[in-house]
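As a plain string of letters, each chain reads:
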Amino acid sequence: LTVIARGGGSISQTLDLITVLGVSEFVSQNHSITLAETTNQFNGAVSLDGRVVSLVNSVATLLGAIDVFTLALVAGGNVTQTGAALKVTQEASFSAVDHQVVLRSQENAFGGSLSVVSDSVEVSNKKDLELGTILTDVLEVTAVGKSDVTQNGSEVLVTGDVTLLAMQGDVR
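A brief report on the enclosed structure follows. Quick caveat: nothing in here was measured; it's all calculated off a predicted structure.

1. Quick look at the packing of aromatic side chains
The final tally for this structure, using the stated rule, is two aromatic pairs. On the basis of an interplanar angle of 90° and a centroid distance of 5.9 Å, the ring pair of Phe26 and Phe42 is categorised as edge-to-face. Separated by 16 residues along the polypeptide, Phe26 in strand 4 (residues 24-27) and Phe42 in strand 6 (residues 41-42) bring together distant segments of the chain. Phe42 carries the same exposure label as Phe26, and that label is buried.

2. Comments concerning the side chain of Asn57
Topologically, Asn57 is positioned in strand 7 (residues 45-57). Taking relative accessible area as the criterion, Asn57 reaches 1% and is therefore assigned buried. Excluding residues within four positions of it along the chain, Asn57 makes contact with Asn40, Gln41, Phe42, Val74, Ala75 and Gly76.

3. With respect to the environment of Val20
The topology assignment puts Val20 in strand 3 (residues 19-20). In this structure the C-alpha to C-alpha distance between Val20 and Ser54, which are 34 residues apart in sequence, comes to 17 Å. If near-sequence neighbours (up to four positions away) are discounted, Val20 is found in contact with Leu1, Gln41, Phe42, Asn43 and Gly44.

4. Description of the pattern of salt bridges
Tallied over the entire structure, the rule returns four salt bridges. The salt bridge involving Glu107 is made with Lys126; its shortest N-O contact spans 3.4 Å. Of the two residues, Glu107 is situated in the loop between strand 11 (92-103) and strand 12 (109-110) and Lys126 in the loop between strand 13 (113-125) and strand 14 (129-136); the sequence distance between them amounts to 19 residues. By relative accessible area, Glu107 is classed as partly exposed at 45%. Here Arg172 ties to Asp148 by a salt bridge, and the two come within 2.3 Å at their closest N and O atoms.

Basis of the calculations
- Position labels on residues start from 1 in each chain and follow its written sequence.
- Note on the predicted model: pLDDT of at least 70 is required for a residue's local features to be given, and 80 or more for side-chain atom pairs to be given and counted; whole-chain, interface and lining totals, by contrast, use all residues.
- To get the side-chain values, take all heavy atoms of the structure and skip hydrogens and water.
- Note on ring pairs: Phe, Tyr and Trp rings are taken, using the six-membered ring of Trp, and paired if centres are within 6.5 Å. Classes follow the plane angle, with under 30 degrees stacked, over 60 edge-to-face and the rest tilted.
- To qualify as a helix, a DSSP run of H or I must reach at least 4 residues; to qualify as a strand, a run of E must reach at least 2; elements of each kind are numbered from the N terminus.
- Summary of the burial criterion: residues with accessible area below 20% of their type's maximum are buried, those above 50% are exposed, and those between are partly exposed, where the area comes from a 1.4 Å probe applied to protein chains only.
- Contacts: residue pairs with any heavy atoms within 4.5 Å of one another.
- For this document, the term salt bridge refers to a Lys or Arg side-chain nitrogen within 4 Å of an Asp or Glu carboxyl oxygen.

If you want it as structure tokens, here you go:
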């Protein structure tokens, strides 16, 4: 499924349910993408190119290429990525309660705060990474290159193991 808002415009959902068995791509460039029905089922890789993006998926979510200003993702299963870079200029939030968020590509570029609610979190980032609200059992963050890992003052609650690695940067 490919949806492109030509001539500039937002993409929003009017159906109660979208089910896609294969790859999905939504392109609205500098406009919003809102796919927020709790019954949505995106079963293949989902690629997004927009400004303010909200995606709800009732099953596990496989992310393809992402190029957005802000991203809010709620998943009913694990959140993983194909290996294509995730570029989020400002805030990114992931909710996968009772599941895992595994975003390990070293090409990921989260530019603002990262907030996550899930059982475990594994994230790699090639830019400075600011932790927002984190609620998890296990947290593993890797900042690639000369990038730092910081906290923005939001709650970070980890009940188990924490690994914060800034390869050539600082953890503050």
